[in-house]
Every structure is written in structure tokens, then in C-alpha cells.
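The chain contents come next:
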Amino acid sequence: MKKHFWSLLMVSAVLAGCASGVKLDDVQVEDKSATSQGTGPGVAVQGIAASQGGAQTGVATVTVAPTNTVQGPVGVARLVFFDYDSFVIRPEARPVIASHAQFLLANQQRKANLEGHTDDRGGREYNLALGQKRADAVRQALSLLGVPESQLEAVSFGKEKPMATGGSEVDQAQNRRVEIRY
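Keep in mind the model is a prediction, meaning the values are calculated, not measured. (Residues numbered from 1 in each chain as written. Predicted model: local features only at pLDDT ≥ 70, side-chain atom pairs only at ≥ 80, totals over all residues. Heavy atoms only, no water.)

**Section: unusual backbone geometry**
The test is simple: A simple rule labels every residue: compare its accessible area, found with a 1.4 Å probe on the protein chains alone, to the largest value its type can have, and call it buried under 20%, exposed over 50%, or partly exposed in between.
Residues other than glycine seldom take positive phi values, yet Asp-85 does so here, at roughly 55°. Classification of Asp-85 by relative accessible area gives partly exposed; the value is 41%.

**Regarding the sheet that holds strand S7 (residues 152-158)**
Applied cut-off: Think of it this way: DSSP has to see at least two bridges between two strands before they count as a pair. Think of it this way: any DSSP run of H or I at least four residues long counts as a helix, any run of E at least two long counts as a strand, and we number them from the N terminus. Geometry is summarised by axes, namely lines fitted to C-alpha atoms with helices restricted to the contacting stretch, and by angles between N-to-C directions that run from 0 to 180 degrees. What makes two residues a contact is simply this: any of their non-hydrogen atoms within 4.5 Å.
Across the sheet, 4 strands lie side by side as S5-S8-S6-S7; this open sheet has mixed pairing. Each edge of the open sheet carries a strand with a single partner, namely strand S5 (79-81) and S7. Averaged over all pairs of adjacent strands, the angle between strand axes in this sheet comes to 20°, irrespective of strand direction. Pairing between strand S6 (residues 112-117) and S7: 6 bridges, direction parallel. In the sheet register, Ala-112 faces S7, and the bridge partner there is Leu-152. Relative to S5, helix H2 (residues 94-106) is tilted by about 145°, and along the sheet it contacts S5, S6, S7 and strand S8 (177-181). Each of S5, S6, S7 and S8 is contacted by helix H3 (residues 124-144), which is oriented at about 155° to S7, the strand it contacts most.

**What about the side chain of Arg-134?**
Structurally, the position occupied by Arg-134 is in helix H3. Those residues in contact with Arg-134, other than ones at most four positions away along the chain, are Phe-82, Asp-83, Tyr-84, Asp-85, Ser-86, Phe-87, His-117, Thr-118, Arg-176, Arg-177 and Val-178.

**So, the pattern of salt bridges**
Formally: Each reported salt bridge corresponds to a side-chain nitrogen of Lys or Arg within 4 Å of a carboxyl oxygen of Asp or Glu.
Inspection of the entire model under this criterion finds 12 salt bridges. For Arg-121, the salt bridge goes to Asp-119, with nearest N and O atoms at 2.9 Å. Across the pair Glu-179 and Arg-177 runs a salt bridge, and its minimum N-O distance is 2.8 Å. For the pair formed by Glu-179 and Arg-177, the shared burial category is buried.

**Section: the side chain of Asn-175**
Here Asn-175 lies in helix H4 (residues 169-175). Given the relative accessible area of 4%, Asn-175 is considered buried. Ignoring any residue separated from it by four or fewer positions in sequence, one finds Asn-175 in contact with His-117, Thr-118, Asp-119, Pro-162, Met-163 and Ala-164.

Here it is in C-alpha cells:
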């Protein structure tokens, strides 16, 4: 009975630790950069369909040049934008993520650095954590499409590297993004 009690107590403590929510402003983020390496032949990759509100949206064929001359899929956007104070991937970003997944699956020696960014509203720590959650959301989406975790690195810059410096909502929206770099 006593042994059973202590086992339950230990399991409860472990589960309580797992269930405890970390506040966005309590998260520390480590800055790392991905490296590109290797060469390979040119590859044409067929697009895949992504669901968008119940309809199927096709992704165009992506032509991938040799990896020593290109930094990612040719003609594919490298930015995924987010709504204010959110890390939920928008439906219109799914084809972009699917194209990058195809590129990474065809070039398994390549690595992608997923850089999370925020607008300038909020504190530094909060924005670093939100940028990390955005980068992690894109990493998880790529992983669900079959990209190995070893090819992905999610980092956050928070509000430290704005793309637009104005204070308008259009400028703020441009800063709420994940950049996919190779």
C-alpha cells in the first residue's frame, strides 16, 4: 500500500510538471543558425494538394536546381505570416509550407532555419517566446509532411529584426512572420 502511494505520488508529480503551462514571457530562446551543405542533381518535384476550407488547393510543380547554386525551392515564397498575437498557421500558408517540405525531402542533406519574428508590441521576452512558437508551428507542419527533425531548426528573433519599421498595421503585419532560410 505504501509503495503504491509513493508510485502514485511520483506519477502525479511528473504529470503536474508536464501539464504546467509556461508563460510566454518565461521562455528562454537560443539563437542558432542552420547550415547548407552538399550538392546534388536538379530535381523536379510535383506539387501536393493542401486542404483550404474544405476545398483542395494544388501546389504548382517546383523545379529544384542543384543545391550548390540555389538556397531553396525556386519561385516559392519564404515567408509565412501570422495574425496578431497568434502562432496558428493561416490556410494560405499551407501551399508554401508544402513546397518547402517537398524541397527538403528531395534534398535531405539540406537544413532549414525557421526564424520566428513578431511586431514591436509587447515585451522582449514575450515576443521572443511568441516568435519561437511561430517557428515551432512551421517546424511541426513540415514534420507532419515528412521532413525529418534533423533538417529543421526553429529559432526566434522576437521583435529584434523587423522587416518593416513603420508603425502602421500594414507594417506590423509584415513583421509577424517566420522566414524559411537554407
